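Now for the letters of each chain:
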Amino acid sequence: ADTLAMIQARVAKNDPAAICFLGKKYFFGGFGLQKDMQRAVKLWEEAAELGSTEALFSLGDAYDLGDAVQQDKSKSVEFFAKAAMQGHVDSRYNLGCFEGKKGNRDRAVRHWLISAKMGKEQSLEGIKKFFMAGLATKEQYAEALK
């Protein structure tokens, strides 16, 4: 309860990281909180407004999967794009996945190159798979390995 009280004190001061964290606790249920996915989404929206890239990512996930909101892939991509432009590596990786599924291989590889350089191992794996299938160039694969 002490940890929850500390988080709630930070939430009361509009700390975006604390608001996002509390959203995750409501989303998954934690710290004795009743699972409330809709409340989680509201908290993430608030945290995103205050500049939390993690909240943008969580909103992207929620809209991608249709968790507590109407599934909306384009909204999901918007949230991932906003987070990616602020340096969120998992959002950048997810954008690559979306582009790959749409058949935009060059765009997928560009996103994955950025996230691979940020240390995202799955991005390197994606580029490797594309390279092995003849969908990415040797240069792109070599760049990802740097």
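About the thresholds
- Residues numbered from 1 in each chain as written.
- Predicted model: local features only at pLDDT ≥ 70, side-chain atom pairs only at ≥ 80, totals over all residues.
- Heavy atoms only, no water.
- Helix = DSSP H or I, 4+ residues; strand = E, 2+ residues; numbered from the N terminus.
- Expected span 1.5 Å × (residues − 1).
- Buried < 20%, exposed > 50% of the residue type's maximum accessible area, 1.4 Å probe, protein only.
- Arc of directions from axis to C-beta.
- Contact = heavy atoms within 4.5 Å.
- Phe/Tyr/Trp six-rings, centres within 6.5 Å; stacked < 30°, edge-to-face > 60°.
- Axes fitted to C-alpha atoms, helices over the stretch in contact; angles between N-to-C directions.
- Parallel < 35°, antiparallel > 145°, perpendicular 65-115°, else oblique.
- Left-handed = near helix turned anticlockwise from the far one by under 90°.
- Salt bridge = Lys/Arg side-chain N within 4 Å of Asp/Glu carboxyl O.

Novice: When you look at the environment of alanine 12 in this model, what are you seeing that I'm missing?
Specialist: Considering the arrangement of structural elements, one finds alanine 12 in helix 1 (residues 2-12). Spatially, the C-alpha atom of alanine 12 lies 12 Å from that of glutamate 46, the residues being 34 residues apart in sequence.

Novice: So what exactly am I meant to see when it comes to helix 8 (residues 121-132) here?
Specialist: Note that an α-helix has 3.6 residues per turn; residues three or four places apart therefore point the same way. The terminal C-alpha atoms of helix 8 lie 17 Å apart, and with twelve residues this matches the ideal 16 Å at 1.5 Å per residue to within 8%. Regarding helix 8, the residues found buried are Ser123, Leu124, Gly126, Ile127 and Phe130. The buried residues of helix 8 all sit within an arc of 160° when viewed along its axis, so they share a single face. With respect to the buried face of helix 8, the exposed residues turned more than 90 degrees away are Glu121, Lys129 and Met132. Against the buried residues of helix 8 lie helix 6 (89-101), helix 7 (105-117) and helix 9 (138-145). One or two residues past the end of helix 8 sits glycine 134, with phi positive at roughly 80°.

Novice: Help me understand the packing of aromatic side chains in this model?
Specialist: Geometry of an aromatic ring pair is reported as the spacing of the ring centres plus the angle between the planes. One pass over the structure, following the stated rule, counts nine aromatic pairs. For the pair phenylalanine 57 and phenylalanine 80, a centre-to-centre distance of 5.7 Å together with 45° between the ring planes defines the contact as tilted. With phenylalanine 57 in helix 4 (residues 53-65) and phenylalanine 80 in helix 5 (residues 73-85), this pair connects stretches of sequence that are 23 residues apart. Here phenylalanine 57 matches phenylalanine 80 in class, with each residue buried. Ring geometry for phenylalanine 131 against tyrosine 141: centres 5.0 Å apart, planes inclined by 20°, an arrangement best described as stacked.

Novice: Can you help me understand the packing of helix 6 against helix 7 in this one?
Specialist: In helix packing, the relevant descriptors are the interaxial angle and the interaxial distance, both defined with respect to the helix axes. Between helix 6 and helix 7, the least distance of the axes is 7 Å, while the angle of their chain directions is 160°. Between helix 6 and helix 7, the crossing angle belongs to the class labelled roughly antiparallel. Helix 6 and helix 7 meet at a crossing whose hand is left-handed. Facing helix 6, whose interface residues are Val89, Arg92, Tyr93, Leu95, Gly96, Cys97, Glu99 and Gly100, helix 7 presents Arg107, Ala108, His111, Trp112, Ile114 and Ser115.

Novice: Would you take a moment to explain helix 6 for this structure?
Specialist: Under the 1.5 Å per step criterion, the end-to-end length of helix 6 is 19 Å for 13 residues, consistent within 8% with the ideal 18 Å. For helix 6, the set of buried residues is Ser91, Arg92, Tyr93, Asn94, Leu95, Gly96, Cys97, Phe98 and Glu99. The elements touched by buried residues of helix 6 are helix 4, helix 5, helix 7 and helix 8. One or two steps after helix 6, the chain reaches glycine 103, where phi turns positive at roughly 90°.

Novice: Help me understand the pattern of salt bridges in this model?
Specialist: Note that side chains of opposite charge can pair when their charged atoms are close. With the rule as written, the count across this model stands at eight salt bridges. The partner of glutamate 54 in a salt bridge is lysine 24, with the nearest N and O atoms 3.0 Å apart. One end of the pair, glutamate 54, is in helix 4; the other, lysine 24, is in helix 2 (residues 16-28), with 30 residues separating them in the sequence. Using a relative accessible area of 29% as the deciding quantity, one classes glutamate 54 as partly exposed. The exposure class of lysine 24 is partly exposed, given its relative accessible area of 25%. As a salt-bridge pair, glutamate 99 and arginine 107 come within 3.3 Å of each other at their nearest N and O atoms.

Geometry only, nothing functional implied.
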